[in-house]
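Take a look at the letters that make up each chain.
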Amino acid sequence: YLNQFADIVKMDDCFDVPDQVEMPPEMLGLTKAQEKAMDEMKLEEWNILAQATYFHQVEQGQVKGSEFTENKEYPDTKTPRIVELAAEHTKLLIFCRYTLQINHYATVLRNKGYRVMTITGENSANHYSISTEAEAAKECVLIAQISVAAGWETPSFPFVVFASRSYSYLDD
């Protein structure tokens with residue numbers, strides 16, 4: 001049916017598409033501090049949705065505070081793994097849901113001497129220029145907020161980490 005309206009071709013016949021290697025997700029587990037924080041939240045909050053959001057933040061190692069509470073940081077198993085991956089790959093793209101998590105990884109990696117660039121909702125006017133600069137760099141860790149992952153590209157980054165994901169269907 002579609003042949004009367006279009007030429008149907010394989011993408012591989014039109015473009016050089018690099019081989020895609022899909023790895024199974026790594027399940028890193030929680031630290032004792034993260035487990036304790038989640039157990040305490042179960043006693044404090046009855047709303048299941050509030051619990052789920054809090055748990056998701058605790059799993060990442062950071063919980064955003066409010067006007068009444070400070071941000072909280074928990075030892076986590078993801079940060080050391082991110083550092084390992086940065087050592088293994090000259091160009092590493094990391095997607096995160098939370099700004100606190102992005103800032104945490106950026107600080108840790110910069111303190112270890114890595115060139116780190118970030119793309120978040122806070123610098124939305126510069127996404128294209130940041131991605132272009134990261135693309136031109138010989139070595140770079142680019143950390144991007146998953147909800148603003150459209151409108152730019154980094155084809156020279158062969159390894160991508162999804163450190164935390166959004167619940168939105170549009171972000172996947």
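Our subject is the structure listed above.
Here the residue index of a chain counts from 1 through its sequence in written order. Local features in this predicted model are restricted to residues whose pLDDT is 70 or higher, and side-chain atom pairs enter the listing and the counts only when it is 80 or higher, whereas totals over whole chains, interfaces and linings include all residues. Hydrogens and waters are ignored; side-chain quantities use all the structure's heavy atoms.

Colleague: Hey, could you run me through the overall build of the protein in this one?
Modeller: Elements are defined by DSSP. Helices are runs of H or I of four residues or more, strands are runs of E of two residues or more, and each kind is numbered from the N terminus. When you go through the protein residue by residue, the secondary structure sums to six helices and six strands. Each helix and strand of the protein, ordered N terminal to C terminal, gives the series α-α-α-β-β-α-β-α-β-α-β-β. Referenced to the eigenvectors of the C-alpha coordinate spread, the extents of the protein come out at roughly 60 × 45 × 35 Å. Contacts: residue pairs with any heavy atoms within 4.5 Å of one another. Sequence-distant contacts, at least 24 apart, represent 62% of the contacts inside the protein between residues at least 6 apart. For the accessible areas, the method is Shrake-Rupley and the probe is 1.4 Å, while residue cover comes only from the protein chains on display. Total accessible area on the protein stands at roughly 11,800 Å², and carbon and sulfur atoms take up 54% of it. Asp and Glu are treated as the negative residues and Lys and Arg as the positive ones, with His and the ends of the chain left uncounted. The location of each charge is read from NZ of Lys, CZ of Arg, CG of Asp or CD of Glu. Here the protein holds 15 positive side-chain charges and 26 negative ones, and the gap between their average locations is 5 Å.

Colleague: Can you walk me through the packing of helix 2 (residues 32-44) against helix 3 (residues 48-60) in this structure?
Modeller: Helix packing geometry: the angle between the two helix axes and the distance between the axes. Angular values range over 0 to 180 degrees, each being the angle between N-to-C directions of two axes fitted as lines to C-alpha atoms, with helices fitted over their stretch in contact. Packing of helix 2 against helix 3 leaves a shortest axis separation of 10 Å and a crossing angle of 170 degrees. It follows from the interaxial angle that helix 2 and helix 3 lie roughly antiparallel. Where helix 2 crosses over helix 3, the handedness of that crossing is right-handed. Here Gln34, Ala37, Met38, Met41 and Lys42 of helix 2 lie close against helix 3, whose contacting residues are Ala50, Gln51, Tyr54, Phe55, Val58, Glu59 and Gln60. Residue polarity is assigned by list, with Asp, Glu, Lys and Arg as charged and Ala, Val, Leu, Ile, Met, Phe, Trp, Tyr, Cys and Pro as nonpolar; anything else, Gly included, falls into the polar class. When its residues are assigned to classes, the contact of helix 2 with helix 3 shows seven nonpolar, three polar and two charged. Angular relationships are summarised with four words: roughly parallel below 35 degrees, roughly antiparallel beyond 145, roughly perpendicular across 65 to 115, and oblique for the angles in between. Each crossing is labelled by how the near helix is turned from the far one, with a counterclockwise turn of less than a right angle marking it left-handed and a clockwise turn marking it right-handed.

Colleague: So what exactly am I meant to see when it comes to the nonpolar core here?
Modeller: One broad rule of soluble globular proteins: the nonpolar side chains tend to lie buried together. Here, nonpolar core refers to any group of buried Ala, Val, Leu, Ile, Met, Phe, Trp, Tyr and Cys residues whose side-chain atoms link them within 4.5 Å. Three exposure classes are used, based on accessible area relative to the maximum for each residue type with a 1.4 Å probe and protein chains only: buried under 20%, partly exposed in between, and exposed over 50%. Ranked by internal contacts, the top residues of the largest apolar core, which has 17 residues, are Leu92, Ile94, Leu109, Val141, Ile143 and Val161. Secondary-structure elements contributing two or more residues to this core are helix 4 (78-88), strand 3 (91-96), helix 5 (99-111), strand 5 (140-145) and strand 6 (159-162). In this structure, valine 161 is in contact with Ile82, Leu85, Leu92, Leu93, Ile94 and Phe95, ignoring residues within four places of it in sequence. Within the second largest apolar cluster, 14 residues are counted, among which are Met117, Ala134, Cys140 and Leu142.

Colleague: Help me understand the layout of surface pockets in this model?
Modeller: By rolling a water-sized probe across the atoms, one finds the places where empty space is left. Space inside the largest pocket adds up to approximately 1,400 Å³. Detection works on a 1 Å grid of protein atoms alone, calling trapped sets that fit a 1.4 Å probe cavities and calling open sets with protein on both sides within 12 Å along at least five of seven lines pockets, with lining residues defined by an atom within 4 Å of a point. Residue lining of the largest pocket: 39 residues in total, with Met23, Phe159, Val160, Val161 and Phe162 positioned closest to the centre. For the lining of the largest pocket, the secondary structure elements donating two or more residues are helix 3, helix 4, strand 3 and strand 6. Grid points are joined across faces, edges and corners, and a volume is the space filled by probe spheres set on the points.

Colleague: How should helix 2 be read in this particular structure?
Modeller: Each α-helix turn comprises 3.6 residues. Residues three or four places apart therefore point the same way. What a helix is expected to span follows from its residue count: subtract one and scale by 1.5 Å. Between its first and last C-alpha atoms helix 2 spans 19 Å; for 13 residues at 1.5 Å apiece the expected length is 18 Å, and the two agree. Within helix 2, burial applies to Gln34, Ala37, Met38 and Met41. Buried residues along helix 2 cover an arc of 95 degrees about the axis, so they all sit on one side. Summarising the geometry of helix 2, the exposed residues directed more than 90 degrees from the buried face are Lys32, Lys36 and Leu43. For helix 2, the elements touching its buried residues are helix 3. Along the arc lie the directions from the helix axis toward the C-beta atoms.

Colleague: What am I meant to see in the packing of aromatic side chains here?
Modeller: Ring pairs (aromatic) are described by centroid distance and by the angle formed between their planes. Any pair of Phe, Tyr and Trp rings, taking the six-membered ring for Trp, is counted once the centres come within 6.5 Å. Such a pair is stacked with planes under 30 degrees apart, edge-to-face with planes over 60 apart, and tilted for the rest. The final tally for this structure, using the stated rule, is two aromatic pairs. When the centroid spacing of 5.3 Å and the interplanar angle of 20 degrees are considered together, the rings of phenylalanine 95 and phenylalanine 162 count as stacked. Here the residue phenylalanine 95 occupies a position in strand 3, and phenylalanine 162 occupies one in strand 6, the gap between them amounting to 67 residues. Judged by its relative accessible area of 10%, phenylalanine 95 falls in the buried class. Through successive ring pairs, a cluster of aromatic residues spans Phe95, Trp152 and Phe162.

Colleague: Would you mind showing me how to read the environment of glutamine 60 here?
Modeller: Among the structural elements, glutamine 60 can be located in helix 3. Spatially, the C-alpha atom of glutamine 60 lies 18 Å from that of lysine 42, the residues being 18 residues apart in sequence. Beyond its immediate sequence surroundings of up to four residues, glutamine 60 is in contact with Gln34, Asp76, Lys78, Tyr98, Gln101, Ala163 and Ser164. One polar contact links glutamine 60 to glutamine 101, side chain to side chain, over a distance of 3.3 Å. The definition of a polar contact used here is a pair of N or O atoms within 3.5 Å, where within protein one atom must be able to donate a hydrogen and the other to accept one, and adjacent residues in sequence count solely through side-chain atom pairs.

All quantities given are derived from atomic positions and should not be read as evidence of function.
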